[in-house]
2 protein chains.
Amino acid sequence: MRIAIDMDEVIADPISKFLELYNRDFGVPLDLVLDPGKEVHQHVPADVNRKWYDYINEKGFFRNLPVIPGSIEAIQKLQEQHDVYIATAAMEFRNSLEDKFDWLQDHFPFIPWTNIIFCGNKVLDVDVLIDDRIKNFADFKGRPLLFSSPHNLLITDYERVDTWDQVLEKLL
Amino acid sequence: MRIAIDMDEVIADPISKFLELYNRDFGVPLDLVLDPGKEVHQHVPADVNRKWYDYINEKGFFRNLPVIPGSIEAIQKLQEQHDVYIATAAMEFRNSLEDKFDWLQDHFPFIPWTNIIFCGNKVLDVDVLIDDRIKNFADFKGRPLLFSSPHNLLITDYERVDTWDQVLEKLL
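Quantities reported herein were computed from a predicted structural model and do not represent experimental measurements. (Residues numbered from 1 in each chain as written. Chains lettered and ligands numbered in written order. Predicted model: local features only at pLDDT ≥ 70, side-chain atom pairs only at ≥ 80, totals over all residues. Heavy atoms only, no water.)

Asker: Just give me the short version of the domain arrangement of chain A, but keep the residues and values in it.
Answerer: Many authors give the size of an interface as the accessible area that is lost as the parts come together. Residue and element names in this part refer to chain A. According to the domain assignment, chain A contains domain 1 (2-13 + 66-171) and domain 2 (14-57). Distance between the C-alpha centres of domain 1 and domain 2: 23 Å. Taken together, the contact pairs 13 residues of domain 1 with 13 residues of domain 2. The largest share of the area that domain 1 buries against domain 2 comes from Asp13, Phe93 and Pro150, three residues that together contribute 49% of it. Taken together, domain 1 and domain 2 are joined by 1 salt bridge. In this structure, the salt-bridge partner of Glu39 is Arg133, at a minimum N-O distance of 2.8 Å. Between the two partners, domain 1 and domain 2, sit 5 residue pairs in polar contact (both at pLDDT 80 or more). (Domains from an automatic or database assignment. Contact = heavy atoms within 4.5 Å. Buried area = accessible area lost by both parts, 1.4 Å probe. Salt bridge = Lys/Arg side-chain N within 4 Å of Asp/Glu carboxyl O. Polar contact = N/O pair within 3.5 Å; in protein donor to acceptor, adjacent residues only side chain to side chain.)

Here's what the structure looks like:
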């Protein structure tokens, strides 16, 4: 079976990086808990709301993101039975390309280059797509698994996974 | 209809760049005509054969490749009727990522970031794939169009297009 896995908020954690930068520049608390259904930039003062777009376009933003807990071990297990791809919408941010590539080499060196996809729309011929953004499921013919992240917690239309252990329960 | 289009030897011309570098370093003639069925590195002395791998891994290699004649105008016409994607196996060469992205912005700025795919294996859910490498057709469920390049001229198993005019005749 072919499984495609998104990066941000699924195996990489940009939210803690955003909080770090909003904390540094505007005193937003580091331990802020995001409201269900909301993005991180919806928790900051209106006049600095658009700042997230500058942050994410800077070289280095994606280079040192924390790894989502359990994702490394889980993907290694999935690889024993399935053909695993990483599929991320990197094309929106030109400066993310090398950072995302290098980050994957650091944390997921066991995923070969043949199985890495930087794209925009996810027009993929795969059986399962694990993603936190439902826009990527709109046109998808396989089985979508919605990986929980604060912004998607109010969505009820999709099969959901909260943790990487739950992914393994469903796919092994 | 969704159409995916490869970059190298389909819209971008790395062969002339290889010849330029082999000419500069080893005196290989710039007007060398490649034999049908052969790669450019099979036309150079055996002791420098592997040099192509160094060239292609250098930053800048993909940045200033010539555009394959007719491709810009043809893709603009295809876009009027179809959903056109660019899909290139950039992941094999980490240093090609930004160069390929910037090259596309220069020559094909009318292709939105949503429709650019840097991958390895082309596991794409598209109707047509225009490519010069038949390995990309092996597992492809749509209609493959083999874009002629010296190395593939002896292959007879696929529907072939020699020029961008021929692509338009088939897809418009």
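Still to come is the rest of the account.
Asker: Tell me about the relation of the copies chain B and chain A, and please be specific about residues and values.
Answerer: Between chain B and chain A, the superposition needs a rotation of 180° and an axial shift of 0.0 Å, giving an RMSD of 0.0 Å. Expressed as a symmetry operation, the mapping of one chain copy onto the other fits a two-fold axis. Of the residues that chain B buries at the interface, 96% are likewise interface residues in chain A, meaning the two copies contact each other through the same surface. (Least-squares fit on C-alpha atoms with pLDDT ≥ 70 in both.)

Asker: Explain the packing of aromatic side chains to me, using residue names and the numbers behind them.
Answerer: All names here are of chain A. If you walk through the whole model with that rule in mind, you get 20 aromatic pairs over all chains. Between Tyr22 and Phe26, the aromatic rings sit 6.3 Å apart at their centres with planes inclined by 45°, giving tilted as the arrangement. With Tyr22 and Phe26 both in helix α1 (residues 14-26) and 4 residues apart, the pair spans about one turn of that helix. The exposure class assigned to Tyr22 is buried, which follows from its relative accessible area of 0%. The exposure class of Phe26 is partly exposed, given its relative accessible area of 34%. Each residue in the set Phe18, Phe61 and Phe62 is aromatic and connected to the rest through ring pairs, giving one cluster. (Phe/Tyr/Trp six-rings, centres within 6.5 Å; stacked < 30°, edge-to-face > 60°. Helix = DSSP H or I, 4+ residues; strand = E, 2+ residues; numbered from the N terminus. Buried < 20%, exposed > 50% of the residue type's maximum accessible area, 1.4 Å probe, protein only.)

Asker: Break down the interface of chain B and chain A for me, with residues and values.
Answerer: Counting residues at the interface gives 26 residues for chain B and 25 residues for chain A. Taken together, the two surfaces of chain B and chain A that pack against each other cover about 2700 Å², and 54% of this comes from carbon and sulfur. Its largest share of buried area at the contact with chain A, chain B owes to Met91(B), Trp113(B) and Val123(B), together 25% of the area lost on that side. Inspection of the region where chain B meets chain A yields 10 salt bridges. As a salt-bridge pair, Asp102(A) and Arg94(B) come within 2.5 Å of each other at their nearest N and O atoms. Applying the counting criterion to the chain B and chain A interface returns 15 residue pairs in polar contact (both at pLDDT 80 or more). Elements represented by at least two residues in the side of chain B that touches chain A include exactly α4 (97-107) and β3 (116-118) of chain B. Ranked by residue count, the leading element in the side of chain B that touches chain A is α4(B), at 4 residues. When the residues that make up the side of chain B that touches chain A are grouped by side-chain class, the tally is 13 nonpolar, 4 polar and 9 charged. (Nonpolar A, V, L, I, M, F, W, Y, C, P; charged D, E, K, R; others polar.)

Asker: Go over the environment of Lys77(A), please, and point to the residues and values.
Answerer: Residue and element names in this part refer to chain A. Structurally, Lys77 can be placed in helix α3 (residues 71-81). A C-alpha to C-alpha distance of 8.0 Å links Lys77 and Leu168, two positions 91 residues apart in sequence. Setting aside chain neighbours within four positions, we find Lys77 in contact with Leu168 and Leu172.

Asker: Just give me the short version of the environment of Leu97(A), but keep the residues and values in it.
Answerer: The residue Leu97(A) is located in helix α4 (residues 97-107) in this model. Look at Leu97(A) and you get buried, because its relative accessible area is 0%. Separated by 38 residues in the primary sequence, Leu97(A) and Lys59(A) place their C-alpha atoms 9.3 Å from one another. Residues within four places of Leu97(A) in sequence aside, it is in contact with Ala90(A), Met91(A), Phe118(A), Leu97(B), Glu98(B), Phe101(B) and Phe118(B).

Asker: Can you tell me about the pairing of strand β2 (residues 83-88) of chain B, naming the residues and giving the values?
Answerer: Residue and element names in this part refer to chain B. For β2, a buried count of 5 out of 6 residues is recorded, marking the element as mostly surrounded by other parts of the structure. As paired elements, strand β1 (residues 2-5) and β2 share 4 bridges and run parallel to each other. Paired with Ile5 across the bridge in β2 is Ile86. Summarising the sheet, β2 and β3 pair through 3 bridges and their orientation is parallel. Bridging from a neighbouring strand, Ala87 pairs with Ile117 of β3. (Pairing = 2+ DSSP bridges.)

Asker: Would you mind going over the nonpolar core in detail, with residue names and values included?
Answerer: The biggest cluster of nonpolar side chains holds 96 residues, and the ones touching the most others in it are Trp164(A) and Trp164(B). Ignoring any residue separated from it by four or fewer positions in sequence, one finds Trp164(B) in contact with Ile5(B), Val10(B), Ile11(B), Ile68(B), Pro69(B), Gly70(B), Ser71(B), Ala74(B), Ile75(B), Leu78(B), Ile130(B) and Phe147(B). Counting residues in each nonpolar core, the second largest holds 24 residues, with Ala4(A), Val126(B), Leu129(B) and Phe140(B) among its members. (Core = buried A, V, L, I, M, F, W, Y, C linked by side-chain atoms within 4.5 Å.)

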